[in-house]
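Here's the letter readout for the chains.
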Amino acid sequence: MKQAKLILDKDYVISEIDKRLYGSFIEHLGRAVYTGIYQPGHPAADKLGFRRDVIELVKQLNVPIVRYPGGNFVSGFNWEDSIGPVADRPRRLDLAWKTTETNEVGLHEFCAWAKEAGSEVMYAVNLGTRGPDAARNVVEYTNHKGGSYWSDLRIKNGAKDPFNIKLWCLGNEMDGPWQMCAKTATEYGRVANEAAKMMKWTDDSIETVVCGSSGTGMPTFGTWEYQVLTECYDNVDYVSLHRYYGNPHNETEDFLASTLDLDDFIKTVSSICDAVKGTRHSKKKVNLSLDEWNVWYHSNQQDQNLYKTEPWGNALPLLEDIYNFEDALLVGLMLITMLKNADRVKIGCLAQLVNVIAPIMTNKNGGAWAQTIFYPVMQASTLGRGKSLLPQLTCEKFDTKHYTDVPVVDAAAVLQENGDVVIFAVNRDLKEDVLLDADLRSFGDMKVISHSVLHHDDVKAINTEQNPHEVKPQDVTPEKPGEGIRLPAASWNVIRLSK
Ligand code: AHR
């Protein structure tokens, strides 16, 4: 059996983990909102029309913050359309997703839903077709106590207390030609700076996230971040990163190595933030918001067909990736990578939450269920709170089509507030188990109190409404002190150690 060694020391801490690392994302896209979180008339709907079966699953995921309302959608969105009496709200063509937005669910409804789900809201302003004025107005509407035009309108619309939204995205993927009113780095950087400045003048307790490149494949990746930050460094707190992976050519080993790219992406953007910091002789550190991350490729062809057959529909089944077991492994590896970079990545939003490239699926005429990727996210979000420890890992390495020196095992470790340690580990080897020797030298006598394994013999296995538990973690017998920890071939493992 292959061997791996992991050394952890309680004094070697990467960083306190920001709980917002386990955020998610709901966009007005496909069936995320309509027939996803909201479906009046459904047997599981509450009095506001929100599906309780979905909220129950969201609560299991323990989602601290939800990015909203887009995504590409936000670049053509008038936030004012989403307030006031529902019957008076306009139906609009959404050019991002070629659908019709009814605005039935708007700002108040979403804030009520998020409260019920136990999440805060991370709100994106439109810096595509709109600009700084609309951006500062929505901050006044949501966060100002009262006594001004927009805050009084909020009160009139039924919310006496401010929504107190603390985290704001300055547009979305503004470098992408698919974005409404895409901009050059300098154009965007200047608009983002003025918007952030005015938003913070309206409420100085908020934080802002400026758009990084929409992807590392963009020709301007790197210079975009540098030029944008040069324009707005003093008024922004985070720069956004978006990253999706896929396995369209069925090269699983290569797919599972993709997190080497994610790690490189994170480190590159961190360096650019620090380079701008240096040029400005600034004391301030801009951190990272990985506010879109996931596997996304399964639904691509299906979506192209839908656009042809049902343009301008509402609640179309767009981006409905059905995730298999290998996707869950990659999602686990992405979480491990985020934890190992917890000193810079403070916010993470799994894109998305319901139906649209999501861990939770619904049937309009049926129930809600957890996809394979639900489980690593739930376990990391629940158990991965505290301090991220520096994992000193030694193991075999291998090469794949696009990556060299890929460690067979990847792992992150968290020191919880109660002194327990949780190790998250993936065995990338598709055939062989690995015996992990966990050396917690400075912790004294720690023993494994639980070991949960997510494995399936078929990497393409999926969960469905009829068979929702096909891929699900199982508890195995905790290893005795001195015994190695067995990481089965192709597995995500959550190992809890305590005194
Ligand atoms: O999450 C789906 C889409 O992916 C978002 O709308 C956009 O920001 C990204 O391109």
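Residues numbered from 1 in each chain as written. Predicted model: local features only at pLDDT ≥ 70, side-chain atom pairs only at ≥ 80, totals over all residues. Heavy atoms only, no water.

Looking at this model, I keep getting lost on empty space enclosed by the protein. Mind explaining?
Think of a ball as big as a water molecule: rolled over the atoms, this probe shows where empty space is left. Applying the stated criterion to the full structure yields four cavities of 30 Å³ or more. Its volume calculated, the largest cavity comes out at about 80 Å³. G30, T99, E101, N314 and A315 are the residues nearest the centre of the largest cavity, which is lined by 13 residues in total. Among the residues making up the lining of the largest cavity, the classes are represented as five nonpolar, six polar and two charged. Quantified by volume, the second largest cavity comes out at close to 60 Å³. In terms of lining residues, the second largest cavity is bounded by V74, F77, W79, Y123, A124, V125, N126, R130, A134, A135 and V138. Broken down by secondary-structure element, the contributors of at least two residues to the lining of the second largest cavity are strand 7 (120-125) and helix 3 (132-143). Across the lining of the second largest cavity, the residue classes break down as nine nonpolar, one polar and one charged. (1 Å grid on protein atoms, 1.4 Å probe; cavity = no way out; pocket = protein on both sides within 12 Å on 5 of 7 lines; lining within 4 Å. Points joined across faces, edges and corners; volume = space filled by probe spheres on them. Nonpolar A, V, L, I, M, F, W, Y, C, P; charged D, E, K, R; others polar. Helix = DSSP H or I, 4+ residues; strand = E, 2+ residues; numbered from the N terminus.)

Mind showing me how you'd approach the pairing of strand 25 (residues 491-498) here?
In terms of burial, strand 25 is largely enclosed, as seven of its eight residues are buried. Looking at chain direction, strand 20 (residues 421-427) and strand 25 are connected through seven bridges and run antiparallel. Residue pairing in the sheet places N427 in a bridge with S491 of strand 25. (Buried < 20%, exposed > 50% of the residue type's maximum accessible area, 1.4 Å probe, protein only. Pairing = 2+ DSSP bridges.)

Is there a simple way to explain helix 2 (residues 107-117) in this structure?
Residues lying three or four places apart along an α-helix face the same way, a consequence of the helix completing one turn every 3.6 residues. Most of helix 2 is tucked away: eight of the 11 residues are buried. Those residues of helix 2 that fall on the buried side of the exposure criterion are L107, H108, E109, F110, C111, W113, A114 and A117. G118 occupies a position one or two residues after helix 2 and carries a positive phi of about 80 degrees.

Looking at this structure, how should I read the side chain of H242?
Here H242 is to be found in strand 10 (residues 238-245). Its relative accessible area of 4% is what places H242 among the buried residues. Within the structure, the side chain of H242 is placed 2.6 Å from the side chain of E173, a separation counted as a polar contact. Among the polar contacts listed, one links the side chain of H242 to the side chain of D291, at a separation of 2.7 Å. If near-sequence neighbours (up to four positions away) are discounted, H242 is found in contact with R67, N172, E173, S214, G215, F265, L290, D291 and E292. (Polar contact = N/O pair within 3.5 Å; in protein donor to acceptor, adjacent residues only side chain to side chain. Contact = heavy atoms within 4.5 Å.)

How should I be thinking about the layout of surface pockets in this particular structure?
Volume-wise, the largest pocket comes out at about 480 Å³. Contributing to the lining of the largest pocket are 20 residues, with N72, E173, W178, Y244 and W296 lying nearest its centre. Among the elements that make up the lining of the largest pocket, the one with the highest residue count is strand 10 (three residues). When grouped by side-chain class, the residues that make up the lining of the largest pocket number 10 nonpolar, six polar and four charged. As for the second largest pocket, its lining consists of 19 residues, and the residues nearest its centre are D263, K340, P391, P407 and D410. Of all elements in the fold, only helix 8 (259-279), helix 10 (325-340), strand 16 (392-395) and strand 19 (409-415) reach the threshold of two or more residues within the lining of the second largest pocket. With four residues, the single largest contributor to the lining of the second largest pocket is helix 8. When residues of the lining of the second largest pocket are sorted by domain, at least three fall in each of domain 1 (2-9 + 389-498) and domain 2 (18-383). (Domains from an automatic or database assignment.)

Would you mind going over the domain arrangement of the protein chain with me for this structure?
The figure often quoted for interface size is the accessible area lost as the parts come together. Under the domain assignment, the protein chain is made up of domain 1 (2-9 + 389-498) and domain 2 (18-383). The distance between the C-alpha centroids of domain 1 and domain 2 comes to 30 Å. Across the boundary between the two partners, domain 1 contributes 43 residues, which contact 37 residues of domain 2. When domain 1 packs against domain 2, the two sides together hide about 3200 Å² of surface, and 66% of this comes from carbon and sulfur. The interface formed by domain 1 and domain 2 holds three salt bridges in total. Notably, a salt bridge pairs K401 with E251, separated by 3.0 Å at the nearest N-O pair. Our count for the domain 1 to domain 2 interface comes out at 18 residue pairs in polar contact (both at pLDDT 80 or more). Contributing elements (two or more residues each) for the side of domain 1 that touches domain 2: strand 18 (406-407), strand 19, strand 20, strand 22 (447-454) and strand 25. Of the residues belonging to the side of domain 1 that touches domain 2, the class tally is 23 nonpolar, 11 polar and nine charged. (Buried area = accessible area lost by both parts, 1.4 Å probe. Salt bridge = Lys/Arg side-chain N within 4 Å of Asp/Glu carboxyl O.)

Can you walk me through the site of the ligand in this structure?
Taken together, 13 residues form the shell around the ligand, and within it E27, N172, E173, Y244 and E292 come nearest. The contact in question runs from an oxygen atom of the ligand to an N or O atom on the side chain of Y244, over 2.8 Å. One of the side-chain N or O atoms of E292 is found 2.6 Å from an oxygen atom in the ligand. Its atoms largely coinciding with the cavity grid, the ligand occupies the largest pocket. Of the residues belonging to the shell around the ligand, the class tally is six nonpolar, four polar and three charged. (Near = heavy atom within 4 Å. Sits in = over half its atoms within 2 Å of the grid points.)

In this structure, what is going on with unusual backbone geometry? I would like to understand it.
With the exception of glycine, the majority of residues adopt a negative phi angle, and the majority of peptide bonds are in the trans configuration. The step from Y68 to P69 runs through a cis peptide bond, and the omega angle for that step is 0 degrees. Looking at where P69 falls in the secondary structure, it is placed in the loop between strand 4 (65-68) and strand 5 (92-94). In this structure, G71 follows G70 across a cis peptide bond, with omega equal to 15 degrees. Here G71 lies in the loop between strand 4 and strand 5.

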